[in-house]
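Secondary and tertiary structure notes
The primary structure of each chain is shown beneath.
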Amino acid sequence: MKVVYEDNHLIIVYKESGEIVQGDKTGDIPLSDTVKDYIKEKYRKPGNVFLGVVHRLDRPVSGLVIFARTSKALSRLNEMFRKGEIHKTYWAITKDCPKQPMGTLQHWLVRNEKQNKSYAYDREVPGAKRAELTYRLIGQSDNYYLLEVNLLTGRHHQIRCQLAQMGCPIKGDLKYGAKRSNADGSISLLSHRVEFDHPVSKEHIALESPLPEDNLWLDIAQSSKK
């Protein structure tokens, strides 16, 4: 487990693709339990360790996850997420190049619980929730494109669904139209950066994720710096 930031109130860690943030019906050990074990051992805490789950990442997605270590931080972080005061930036690798190098996507998303999938519509339909994000093309390799995505709303599978609707499904994301899977079962979507004011100290925090240990990620990320 890679700890990116840690203090008395927060811990921010890097999630590998394939890990689940919270326990689910699979029975697999969630990242939250791994973090609790880490805190218990490092600080020699007796009894149960408090850890609040503030947000989640889809199982095949990698990147930064914020956890609260105190109830005060948890309640404040929940409110900050609700108000949009925690800014998260994602990187997505796509096979197809967007028609415009930057833009804003607005759709109405309907979630199908049985399929664990969302569907995008250009107009409001029954049961839909408005979804909005901005994107820009920041790098490319011989065969793939790197998009930086900022969420303006937080919906189920929002980035995956909206980029697919634009004609740019994320590499490896079979559920949303990619032609082939990634060898490790991941999708090429990374929770790359978080930025917010600390819920207790008010210190400004801006952190970037490590890159997945994959040559394509390393190469295409390098192209974004040119």
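As the structure is a prediction and not an experimental result, all values here were calculated from the model.

On to the overall build of the chain. Tallying secondary structure elements over the chain gives four helices and eleven strands in all. Taken against the 2.2 N^0.38 rule, which gives 17 Å for 226 residues, the C-alpha radius of gyration of the chain at 18 Å falls within 12% of a compact globule. Oriented by its inertia axes, the alpha-carbon framework of the chain measures out at about 55 × 45 × 35 Å. The buried share of the chain, taken over its 226 residues, is 45%. Pairs at least 24 apart in sequence give 61% of the contacts found in the chain among residues at least 6 apart.

Take the nonpolar core next. Within the largest apolar cluster, 25 residues are counted, with the highest numbers of intra-cluster contacts made by Val35, Phe67, Val149, Ile159, Leu163 and Leu189. Every element with two or more residues in this core is listed here: β2 (10–15), α1 (31–42), β4 (62–68), β5 (87–94), β8 (129–140), β9 (145–151) and α3 (158–165). Among the elements that make up this core, the one with the highest residue count is α1 (three residues). When sequence neighbours within four positions are dropped, the list of residues in contact with Ile159 reads Tyr90, Leu133, Val149, Leu151, Ile170 and Leu189. In terms of nonpolar packing, the next biggest core, distinct from the first, is built from 16 residues, Ile66, Ala68, Val194 and Leu207 among them.

This model, assessed by the stated rule, comprises zero aromatic pairs. Taking NZ or CZ as reference, Arg69 lies 4.7 Å from the ring centre of Tyr43, over its face. Looking at Lys95, its charged tip hangs above the ring of Tyr144, at a distance of 5.0 Å from the centre.

The next thing to look at is the side chain of Ser188. Assignment of secondary structure puts Ser188 in the loop between α3 and β10 (189–197). Taking relative accessible area as the criterion, Ser188 reaches 5% and is therefore assigned buried. Those residues within four positions of Ser188 in sequence are excluded, and the remaining contacts are Trp91, Ala92, Ile93, Ile170, Lys171, Asn182 and Trp217.

Unlike most non-glycine residues, Asn116 shows phi in positive territory, near 50°. Mapped onto the elements, Asn116 comes out in the loop between β6 (102–112) and β7 (117–121). Phi angles above zero are rare outside glycine, and Lys202 is one such case at about 70°. Tracing the chain through its elements places Lys202 in the loop between β10 and β11 (204–208). For Lys202, a relative accessible area of 55% gives the class exposed.

We now examine α1. Its twelve residues give α1 an end-to-end C-alpha distance of 16 Å, which sits within 8% of 16 Å, the value for a rise of 1.5 Å per residue. Residues of α1 that are buried: Leu31, Ser32, Val35 and Ile39. Viewed along the axis of α1, the buried residues span an arc of 100°, placing them on a single side of the element. Along α1, the residues that are exposed and aim more than 90 degrees away from the buried face are Asp37 and Glu41. Following α1 by one or two positions, Arg44 adopts a phi angle in the positive range, close to 50°.

A few words on the pairing of β5. Counted residue by residue, β5 has seven buried out of eight residues, so it is predominantly covered. Pairing analysis gives six bridges linking β5 to β10, with the strands arranged antiparallel. In the sheet register, Lys88 faces β10, and the bridge partner there is Val194.

Scoring rules and cut-offs
Residues numbered from 1 in each chain as written. Predicted model: local features only at pLDDT ≥ 70, side-chain atom pairs only at ≥ 80, totals over all residues. Heavy atoms only, no water. Helix = DSSP H or I, 4+ residues; strand = E, 2+ residues; numbered from the N terminus. Rg over C-alpha atoms; globule rule 2.2 N^0.38 Å. Buried < 20%, exposed > 50% of the residue type's maximum accessible area, 1.4 Å probe, protein only. Contact = heavy atoms within 4.5 Å. Core = buried A, V, L, I, M, F, W, Y, C linked by side-chain atoms within 4.5 Å. Phe/Tyr/Trp six-rings, centres within 6.5 Å; stacked < 30°, edge-to-face > 60°. Lys NZ or Arg CZ within 6 Å of the ring centre and 35° of its normal. Expected span 1.5 Å × (residues − 1). Arc of directions from axis to C-beta. Pairing = 2+ DSSP bridges.

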